[in-house]
Amino acid sequence: MDRIDTSVAHPARRYNYWLGGKDHFAADRESGDLHAKAFPTVRIAARENRDFLRRSVRFLAESGIRQFLDIGTGLPVPDNTHEIAQRIDPTSRVLYVDNDPIVMTHSRALTIGSPTGRTGYVEADLRSPEVILEAPELRAVLNLQEPVGLLLVAVLHFLHDDTQAQGIVRTLLAALPPGSYLVASNLTLDYASPEQVAKHKELLASGRTDARARNSAEFGSFFTDLELVSPGIVAVSDWRPESDERPTAADVSIYGAVGRTT
């Protein structure tokens, strides 16, 4: 625990706070409350984003994907990626990646899967994709000769530079064989009021938020040369929803999409 700076908010712990978890500190709660004051539906957005992860992983598993690379894992909550995938096929394999040391302290919960499947954890940063791809744990869990579901859910918006972010996604996808999938989501202001747009810009400029919002075209650039799965780029709440009763795109303000490599 000595590597954990409890005085600085971390996205994984703030997300855990919004989802009603217990693994967070005062700085995370303060940051979370600041965001909630500016954007009152942020907890709804967090839940809808988590539901998007659940539905998209299930879709990939039902489409025959048996390997998953989940980067920006976050802290364990019910229905982690391996639990979803291994309900479809117990032999599914999942490698989790996160850069928050507290996630490492909980990694055992992320690496207990079915007896016939396999799970692992790597503490690494998305900004260093080569480190992830060269990690011994990755080779121990995943076979990069077979299709992989690459999950970048609610993590790309922490990469503010578009060129850097696009390069990282390309590097990761280039290491995966045809038939692999990209699942991603990203904060957007496309549905926000002018007042919310101004508030977000203020928070970003002052360093009180670390999420870079992207419009539909900017988010879509991550899926260049991929075959978008229907319904394409939509609010995460509208990606293959299970109920007609759901929050509006404006309440969620997170784009989600799934694309397949060819």
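Keep in mind it's a predicted model, so treat the numbers as computed, not measured. (Residues numbered from 1 in each chain as written. Predicted model: local features only at pLDDT ≥ 70, side-chain atom pairs only at ≥ 80, totals over all residues. Heavy atoms only, no water.)

Enquirer: What's the story with the overall build of the protein chain in this structure? I'm lost.
Expert: For the protein chain, the count of helices and strands is 12 helices and 8 strands. Against the 2.2 N^0.38 benchmark of 18 Å for 262 residues, the protein chain shows a C-alpha radius of gyration of 17 Å, consistent with a compact globule. Overall, the C-alpha framework of the protein chain stretches about 50 × 45 × 35 Å when taken along its three principal axes. Here the protein chain holds 262 residues, and 54% of them are scored as buried. Taking all contacts inside the protein chain whose residues are at least 6 apart in sequence as the whole, residues at least 24 apart take part in 73%. Here the protein chain contributes 28 positive and 35 negative side-chain charges, whose respective centroids are spaced 2 Å apart. (Helix = DSSP H or I, 4+ residues; strand = E, 2+ residues; numbered from the N terminus. Rg over C-alpha atoms; globule rule 2.2 N^0.38 Å. Buried < 20%, exposed > 50% of the residue type's maximum accessible area, 1.4 Å probe, protein only. Contact = heavy atoms within 4.5 Å. Lys, Arg positive; Asp, Glu negative; His and termini not counted. Charge placed at Lys NZ, Arg CZ, Asp CG, Glu CD.)

Enquirer: Looking at this model, I keep getting lost on the packing of aromatic side chains. Mind explaining?
Expert: Describing an aromatic ring pair means giving the distance of the ring centres and the angle of the ring planes. Per the stated rule, a full pass over the model turns up 7 aromatic pairs. These aromatic residues form a ring-pair network of at least three members: Tyr-191, Phe-219, Phe-222, Phe-223 and Tyr-255. Above the ring of Trp-239, the side-chain terminus of Arg-240 is found at 5.4 Å from the ring centroid. (Phe/Tyr/Trp six-rings, centres within 6.5 Å; stacked < 30°, edge-to-face > 60°. Lys NZ or Arg CZ within 6 Å of the ring centre and 35° of its normal.)

Enquirer: Explanation requested: helix α3 (residues 42–62) in the structure shown.
Expert: Owing to its 3.6 residues per turn, the α-helix aligns residues three or four sequence positions apart on the same side. With 21 residues, α3 should reach 30 Å at 1.5 Å per residue; the first-to-last C-alpha distance of 30 Å fits that figure. Of the residues one or two after α3, Gly-64 is the one with positive phi, at around 105°. (Expected span 1.5 Å × (residues − 1).)

Enquirer: Even after reading the chapter, I still don't get the packing of α3 against helix α4 (residues 81–88), so can you show me in this structure?
Expert: Two measures define how a pair of helices packs: the angle their axes make with one another and the distance between the axes. At a minimum axis distance of 9 Å, the contact between α3 and α4 shows a crossing angle of 35°. The element α3 and its partner α4 pack so that their crossing is right-handed. On α4, the residues that touch Leu-53, Arg-54, Val-57, Arg-58, Ala-61 and Glu-62 of α3 are Thr-81, Ile-84, Ala-85 and Ile-88. Across the contact of α3 with α4, the residue classes tally to 6 nonpolar, 1 polar and 3 charged. (Axes fitted to C-alpha atoms, helices over the stretch in contact; angles between N-to-C directions. Left-handed = near helix turned anticlockwise from the far one by under 90°. Nonpolar A, V, L, I, M, F, W, Y, C, P; charged D, E, K, R; others polar.)

Enquirer: Can you help me understand the pattern of salt bridges in this one?
Expert: Opposite charge on two side chains allows them to pair when their charged atoms are near. Overall, the coordinates contain 13 salt bridges when judged by the stated rule. Residue Arg-66 pairs with Asp-89 through a salt bridge whose shortest N-O separation is 2.7 Å. Note that Arg-66 is positioned in the loop between α3 and β1 (67–71) and Asp-89 in the loop between α4 and β2 (93–98), a separation of 23 residues in sequence. By relative accessible area, which is 19% here, Asp-89 ends up buried. The shortest N-O distance in the salt bridge between Arg-212 and Asp-162 comes to 3.1 Å. Here Arg-212 is found in the loop between α10 (194–206) and α11 (216–220), whereas its partner Asp-162 is found in helix α9 (residues 162–174), with 50 residues between them in sequence. The class for Asp-162 is partly exposed, based on a relative accessible area of 23%. Through salt bridges that share partners, Asp-51, Arg-54, Arg-58 and Glu-242 make up one connected network. (Salt bridge = Lys/Arg side-chain N within 4 Å of Asp/Glu carboxyl O.)

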